[in-house]
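Structural features, examined
If you want the building blocks of each chain, they are given just below.
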Amino acid sequence: MARWTDYTRKQTPSEADEVMLLDTDGRANKRTTLKELAKTMGNAGGSVDVDDTLTKPGMAADAKTVGDQIKQITQQLEDLQYIPIEILSFSNNIGIAELGSVINEIALNWELNKTPETVILNGQTMSSSLNSVQTVVLKDIALKENKTFTLLVVDDRNNSAQKSTGIIFYNGIYYGVSNIPEEMDSAFIRSLTRSLQANRTKTFTIDSGADQYVWYALPSRYGTPVFGVGGFDGGFAKVSTLDFMNLSGYTEEYTVYRSDNSNIGKKTVKVT
């Protein structure tokens, strides 16, 4: 193929003259006319005023006019291809933590639809290399209470997107099957299955054998639960209230419930 400078220059371009362009969908070079190019640009949501010197026979096109028209066409092509920045996902590796625990390290992960120009995390502009997929690890933060992290990203046209992720501290509800313990204490409750959550609602399946009862312990502030076993309401009674200490050393009042009967077999328990 000849070099660009080997071609002769046409001083009077017309509408029928052809130019070469890259078809980005087909990934191939293709031909089009100046008239079709101008028409396409005009239909793209704005008007491209192609000077008569580019299309009218007998008119000479000076370098400045041609350059201005090329810049205008290039700008509209960029406008057609522009996609505003978007945060596809933003999360952290903790999510939920136990009341009383201390979080010293958090990994924040995000994915964007393109590389940002600016990234601001909780009001602080990041100065490190910026990528569309990124992880930032926060160390020695000694987090003990609920925390929200906000990510703000800005693209090359100053458009922005924002999303948040958080860490929430809960105490647990505890449930499972067991014989009646010698002492109703924190150690017994911690031996049951733990679920860190904000309310008393839970549905779970148990298999209770000989002398085994179903137990349910929860923070007293969660209120009075209503039990349903195998589709029937009831079947549980309150047996104790105590100051419960979780594995993280946090203490609060808990209420303990026990099934009325042992050896009830495999059942689904619904708590509301």
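This text follows the structure it describes.
Residues numbered from 1 in each chain as written. Predicted model: local features only at pLDDT ≥ 70, side-chain atom pairs only at ≥ 80, totals over all residues. Heavy atoms only, no water.

1. A few points about the environment of isoleucine 106
Within the element layout of this structure, isoleucine 106 appears in strand S5 (residues 103-112). Note on isoleucine 106: relative accessible area 0%, which makes it buried. Distance from isoleucine 106 to glycine 95, taken between C-alpha atoms, is 9.7 Å for residues 11 residues apart in sequence. (Helix = DSSP H or I, 4+ residues; strand = E, 2+ residues; numbered from the N terminus. Buried < 20%, exposed > 50% of the residue type's maximum accessible area, 1.4 Å probe, protein only.)

2. As for the nonpolar core
Among the nonpolar cores identified, the biggest contains 22 residues, and Phe90, Trp110, Leu151 and Val153 are the most heavily contacted of them. Every element with two or more residues in this core is listed here: strand S3 (87-92), S5, strand S6 (118-121), strand S8 (133-143), strand S9 (147-154) and strand S10 (160-170). Of all the elements, S5 adds the most residues to this core, at 5 residues. Contact partners of leucine 151, with chain neighbours within four places excluded, come to Ile87, Phe90, Trp110, Val119, Ile120, Leu121, Ala161, Gln162 and Lys163. In this structure, Tyr175, Phe204, Tyr216 and Phe227 belong to the second largest nonpolar core, which totals 14 residues. (Core = buried A, V, L, I, M, F, W, Y, C linked by side-chain atoms within 4.5 Å. Contact = heavy atoms within 4.5 Å.)

3. Remarks on the sheet that holds S3
Read across the open sheet, the 3 strands follow the order S3-S5-S8; overall the sheet is antiparallel. In this open sheet, the two edge strands, each paired with only one partner strand, are S3 and S8. Looking at each pair of strands side by side, their axes are set apart by 15° on average, direction ignored. Looking at chain direction, S5 and S8 are connected through 8 bridges and run antiparallel. From the neighbouring strand, alanine 107 faces S8, where its bridge partner is valine 137. (Pairing = 2+ DSSP bridges. Axes fitted to C-alpha atoms, helices over the stretch in contact; angles between N-to-C directions.)

Everything listed here is a matter of geometry and, on its own, says nothing about what the molecule does.
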